[in-house]
Amino acid sequence: MAHDHKLEIFRGLVKFKSNISKIWGVLIFLSIITTIEVILGIIRPAFLVETSFLGMHLLNWIFIILTLVKAYYIAWDFMHLRDEKTALRRVIVWTPIFLVSYLIFILLFEADYIHEVYKEGFIKWNF
């Protein structure tokens, strides 16, 4: 191999002695995030379900954020983005973040419009 992979995660806060131990460390990190998502999905705390932010429950925002964190970390460690040049990393990471943010904005905007149409009443077309 031309170069060794970095054996640290969280920007050097946790260092491992081998690739195998690093894989286990990343697996444990991703498992903890998944466990948090599953527990929140089962318990569904009332304050997270009843409180809304930008037209969506806080619990849904937490799920979206945790899923994006997992996706980013999988790409960062398992697809070896940390070993690539800065420009390539930015293209690979920021483009989907921008597109997903845009998609979420459009979905929320259109869903709010449809909700208002059904709430205020609508005219059924008779042909």
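Residues numbered from 1 in each chain as written. Predicted model: local features only at pLDDT ≥ 70, side-chain atom pairs only at ≥ 80, totals over all residues. Heavy atoms only, no water.

A. Layout of the side chain of Glu-37. You can see Glu-37 is positioned in helix α1 (residues 19–43). Among the polar contacts listed, one links the side chain of Glu-37 to the side chain of Thr-67, at a separation of 3.2 Å. (Helix = DSSP H or I, 4+ residues; strand = E, 2+ residues; numbered from the N terminus. Polar contact = N/O pair within 3.5 Å; in protein donor to acceptor, adjacent residues only side chain to side chain.)

B. Representation of the environment of Ile-74 in the model. On the secondary structure map, Ile-74 appears in helix α3 (residues 58–77). Residue class for Ile-74 comes out partly exposed when judged on its relative accessible area of 36%. Once the C-alpha coordinates of Ile-74 and Leu-30 are considered, the two residues, 44 residues apart in sequence, prove to be 8.5 Å apart. Beyond its immediate chain neighbours, meaning those up to four positions away, Ile-74 contacts Leu-30 and Met-79. (Buried < 20%, exposed > 50% of the residue type's maximum accessible area, 1.4 Å probe, protein only. Contact = heavy atoms within 4.5 Å.)

C. Representation of the pattern of salt bridges. Per the stated rule, a full pass over the model turns up one salt bridge. Measuring nitrogen to oxygen at the nearest pair gives 3.0 Å for the salt bridge that ties Lys-70 to Glu-37. Taken together, the residues span a long stretch of sequence, with Lys-70 in helix α3 and Glu-37 in helix α1 at a distance of 33 residues. Relative accessible area serves as the criterion here: at 18%, Lys-70 is assigned to the buried category. Note on Glu-37: relative accessible area 13%, which makes it buried. (Salt bridge = Lys/Arg side-chain N within 4 Å of Asp/Glu carboxyl O.)

D. A look at a nonpolar patch on the surface. A cluster of nonpolar residues, Phe-98, Leu-99, Tyr-102, Phe-105, Ile-106 and Phe-109, forms a patch on the protein surface that exposes about 670 Å² of accessible area. Within the fold, Tyr-102 resides in helix α4 (residues 86–120). Judged by relative accessible area, Tyr-102 falls into the partly exposed class, the value being 46%. (Patch = residues over 30% accessible without salt bridge, like charges linked within 9 Å, V, L, I, M, F, W, Y side chains within 5 Å. Areas by Shrake-Rupley, 256 points an atom, 1.4 Å probe, with all protein chains shown as cover.)

E. Looking closely at the packing of aromatic side chains. Taken as a whole, this structure holds four aromatic pairs when the rule is applied. Taken together, a centroid distance of 6.4 Å and an interplanar angle of 10° make the contact between Phe-98 and Tyr-102 stacked. Of this pair, Phe-98 and Tyr-102 both sit in helix α4, four residues apart, roughly one helical turn. Here Phe-105 and Phe-109 contribute two aromatic rings whose centre-to-centre distance is 5.9 Å and whose plane-to-plane angle is 25°, an arrangement assigned as stacked. (Phe/Tyr/Trp six-rings, centres within 6.5 Å; stacked < 30°, edge-to-face > 60°.)

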